[in-house]
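Read off the chains here:
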Amino acid sequence: MVKVVRKELRNWYALHQRTLPWRSHPEPYRVWLSEVILQQTRVDQGLSYFNKFVETYPTISTLAAAPLDDILKLWQGLGYYSRARNLHFAANQVMEKHQGIFPSRYEDILGLKGVGSYTAAAISSIAYNQPKAVVDGNVTRVIARLFDITASVNQSTTLSQIQDLADALMDREHPSLHNQSMMEFGALQCVPKNPNCEVCPMSDVCQAREKNHVSLIPLKDKKTKRRSRYFHYVLAQYGDKIALSQRGTDDIWGGLFEFPLIENDSIDVLPPLHIEKALSISIKRIVKINSERKHVLSHQDIFANFYHAEIDGAIDDKLNLVAWADLHTFALPRLIDRYLENHDPISGEKRH
Ligand code: SF4
């Protein structure tokens, strides 16, 4: 079976692979960037982020030297901003520990911030042709189906069984080609819902197909419970300036900028006195309140109210007053960015 799978995968890949920029030039820096971006999004959307990053930062040294806020701005819209911060940190690790040359040893790649075993295997196999089997969500599904693994793939024992099988399947003569074929096969042919097994070159050896288990695999444990959060954003205006603060790094949107925020356990509109006390500001006038925008993240639903308020200039040290005209230069969470696309920032009226 192992030989059949390797050969059929290679043949299938030769016919069906997509042309992608990190494949045509698989330098380690580009492979790393692509893998980090693709952990966040699908290939079609990730492509434009990849192109933006390599145009702006064509080398690892340019990425390392860039201000973190600029990187966060470029990353805006992808979510999980800790990944962007890790990119910056790891680029500096390469500059300082590896003399600016992306490491080729698997253990050294694994030592870069934000790089786990999956990404390290992808870089060392695709960029350096080392026989490290990559196991991402697509590969997990392919292997679980080929070998009819009906245990939950969320469990560590199942994952290590799948990793062992991936290692056994690894084509040691063509590691880069083999891993890319596996990943692409999962992305395009052995898709999560209704794969077309009729045209699959591995249908004769696929055990899930033989046992009629394809739609059941991969089995996953129930997802963790979603969490609802309630954000009250105050667009505190002082002349042609607006108050901004920077988020800490221990929560969603770490390091991004936002309007002064009060988070509590309800979406009920807050009275001005409560806002003044919570944010240490003095409100002259509430201009408009727009309520209850829902923003869906992977494990959280954010409900937000936006209060447009005129304040006097005395504000808390944690807040900065920035010119409205400069607001677009700050990396903002997608929730705020979208709100500003649809609303006049001063009056709060909906744009037409
Ligand atoms: S036969 Fe169907 S389930 Fe099995 S590997 Fe092919 S596409 Fe996937």
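Predicted model, so just to flag it, every value in this text is computed and none were measured.

## Description of the overall build of the protein
Thought 1: Each helix and strand counted, the protein has 15 helices and seven strands in total.
Thought 2: In terms of its C-alpha atoms, the protein occupies a principal-axis envelope of roughly 75 × 50 × 40 Å.
Thought 3: In the protein, which comprises 352 residues, the proportion classed as buried is 47%.
Thought 4: Pairs at least 24 apart in sequence give 66% of the contacts found in the protein among residues at least 6 apart.
Thought 5: Accessible area for the protein stands at about 17,600 Å²; split by element, carbon and sulfur atoms hold 50% of it.
Thought 6: Of the side-chain charges in the protein, 42 are positive and 40 negative, and the distance between the mean point of each set is 4 Å.

## Points about the packing of aromatic side chains
Thought 1: The full count for this structure, using the stated rule, is 12 aromatic pairs.
Thought 2: Ring geometry for W32 and F102: centres 5.6 Å apart, planes at 55°, overall tilted. Separated by 70 residues along the polypeptide, W32 in helix 3 (residues 28-38) and F102 in the loop between helix 7 (81-97) and helix 8 (106-110) bring together distant segments of the chain.
Thought 3: Overall, the relative accessible area of 1% leaves W32 in the buried class.
Thought 4: When the centroid spacing of 6.1 Å and the interplanar angle of 50° are considered together, the rings of F53 and Y57 count as tilted.

## Comments concerning the site of the ligand
Thought 1: Surveying the vicinity of the ligand reveals the residues R145, Q189, C190, P195, C197, C200, S203, C206, R209 and V214.
Thought 2: Placement of the ligand is best described as lying within the largest cavity.
Thought 3: Here the shell around the ligand is composed, by residue class, of six nonpolar, two polar and two charged.

## A word on the domain arrangement of the protein
Thought 1: Splitting the protein by domain gives domain 1 (2-216) and domain 2 (227-342).
Thought 2: For domain 1 versus domain 2, the distance between C-alpha centres works out to 37 Å.
Thought 3: Counting from both sides, the interface comprises eight residues of domain 1 and, opposite them, 16 residues of domain 2.
Thought 4: Among the residues domain 1 hides against domain 2, the three largest losses belong to Q76, Y81 and R85. Together they make up 51% of the total.

## Some points on the side chain of S152
Thought 1: Following the sequence through the fold, S152 ends up in the loop between helix 10 (137-146) and helix 11 (156-169).
Thought 2: At a separation of 3.1 Å, a polar atom in the side chain of S152 contacts the main-chain amide nitrogen of N154.
Thought 3: If sequence neighbours within four positions are ignored, S152 has contacts with T158, L219, K220 and D221.

## Comments concerning the packing of helix 3 against helix 4 (residues 43-56)
Thought 1: Between helix 3 and helix 4, the shortest axis-to-axis distance is 9 Å and the interhelical angle comes to 135°. Between helix 3 and helix 4, the angle falls in the class oblique. Between helix 3 and helix 4 lies a crossing of right-handed hand. Residue-level contacts link R30, L33, S34, I37 and L38 of helix 3 to V43, G46, Y49, F50, F53 and V54 of helix 4.

## Brief notes about the layout of surface pockets
Thought 1: Space inside the largest pocket adds up to approximately 840 Å³.
Thought 2: Residue lining of the largest pocket: 24 residues in total, with L38, Q39, T41, D136 and N138 positioned closest to the centre.
Thought 3: Of all the secondary-structure elements, those providing two or more residues to the lining of the largest pocket are helix 2 (21-24), helix 3, helix 9 (117-126), helix 10 and helix 12 (175-188).
Thought 4: Looking at the second largest pocket, its volume works out to about 550 Å³.
Thought 5: Every residue lining the second largest pocket is counted, 20 residues in all, and those nearest its centre are Q40, G79, Y80, L297 and S298.
Thought 6: Listed by contribution, the elements that provide at least two residues to the lining of the second largest pocket are helix 7 and strand 5 (283-296).
Thought 7: Ranked by the residues each element gives to the lining of the second largest pocket, the list is headed by helix 7, at four residues.
Thought 8: Across the lining of the second largest pocket, the residue classes break down as seven nonpolar, nine polar and four charged.
Thought 9: Viewed by domain, the lining of the second largest pocket spans two of them, domain 1 (2-216) and domain 2 (227-342), each represented by three or more residues.

## A few points about the pattern of salt bridges
Thought 1: In total, this model carries 17 salt bridges according to the counting rule given.
Thought 2: D171 is paired through a salt bridge with R10; the nearest N and O atoms lie 2.6 Å apart. Of this pair, D171 sits in the loop between helix 11 and helix 12 while R10 is found in helix 1 (residues 2-16), placing the two residues 161 residues apart along the sequence.
Thought 3: Given the relative accessible area of 7%, D171 is considered buried.
Thought 4: The salt bridge involving R229 is made with E263; its shortest N-O contact spans 2.8 Å. Here R229, found in strand 1 (residues 227-238), pairs with E263, found in strand 4 (residues 261-264); they are 34 residues apart in sequence, far enough to count as distant.
Thought 5: Relative accessible area serves as the criterion here: at 36%, E263 is assigned to the partly exposed category.

## Considerations on helix 9
Thought 1: By the criterion of burial, helix 9 is predominantly enclosed, with nine of the 10 residues buried.
Thought 2: Looking at helix 9, one finds that the buried residues are Y118, T119, A120, A121, A122, I123, S124, S125 and I126.
Thought 3: Residues of helix 9 that are buried make contact with helix 3, helix 8 and helix 12.

Parameters at a glance
In this numbering scheme, every chain counts its residues from 1 along its sequence in written order. In keeping with the predicted nature of the model, local features appear solely for residues at pLDDT of at least 70, side-chain atom pairs appear and are counted solely at 80 or more, and the whole-chain, interface and lining totals rest on all residues. Values shown for side chains rest on all heavy atoms present in the structure; no hydrogens or waters enter the calculation. To qualify as a helix, a DSSP run of H or I must reach at least 4 residues; to qualify as a strand, a run of E must reach at least 2; elements of each kind are numbered from the N terminus. Think of it in three bands: with a 1.4 Å probe and only protein chains considered, a residue is buried below 20% of the maximum accessible area for its type, exposed above 50%, and partly exposed in between. Note on contacts: a residue pair qualifies if any of its non-hydrogen atoms lie within 4.5 Å across the two residues. Areas reported here follow the Shrake-Rupley algorithm with a probe of radius 1.4 Å; residue values treat only the protein chains shown as occluding. By the counting rule applied here, Lys and Arg register as positive and Asp and Glu as negative, while His and the ends of each chain are not counted. The location of each charge is read from NZ of Lys, CZ of Arg, CG of Asp or CD of Glu. Stacked, tilted and edge-to-face pairs are distinguished by plane angle, under 30 degrees for stacked and over 60 for edge-to-face with tilted covering the rest, among Phe, Tyr and Trp rings (Trp via its six-membered ring) whose centres lie within 6.5 Å. A cutoff of 4 Å decides nearness: a residue is near a molecule or strand if any of its heavy atoms lies inside that distance of it. The distinction between a cavity and a pocket rests on a 1 Å grid over the protein atoms alone: a 1.4 Å probe fits inside a cavity but cannot get out, while a pocket stays open yet meets protein on both sides within 12 Å along at least five of seven lines, and a residue with an atom within 4 Å of a point counts as lining. Should more than half of a molecule's atoms lie within 2 Å of a pocket's or cavity's grid points, that molecule is taken to sit in it. Nonpolar residues are Ala, Val, Leu, Ile, Met, Phe, Trp, Tyr, Cys and Pro. Charged residues are Asp, Glu, Lys and Arg, and all others, Gly as well, are polar. The source of the domain bounds is an automatic or database domain assignment. Here the buried area means the combined drop in accessible surface, using a 1.4 Å probe, for two parts upon being joined, counting both sides. Residues adjacent in sequence count toward polar contacts only when both atoms are side-chain atoms; beyond that, a polar contact is any pair of N or O atoms within 3.5 Å, and within protein one must be able to donate a hydrogen and the other to accept it. Here an angle of 0 to 180 degrees is reported between the N-to-C directions of two axes, which are lines fitted to C-alpha atoms, with helices fitted over the stretch in contact. Each angle gets one of four labels, with under 35 degrees taken as roughly parallel, over 145 as roughly antiparallel, 65 to 115 as roughly perpendicular, and the rest as oblique. Left-handed describes a crossing in which the near helix is turned anticlockwise from the far one by less than a right angle; the clockwise case is right-handed. Grid points are joined across faces, edges and corners, and a volume is the space filled by probe spheres set on the points. We define a salt bridge as a side-chain nitrogen of Lys or Arg found within 4 Å of a carboxyl oxygen belonging to Asp or Glu.

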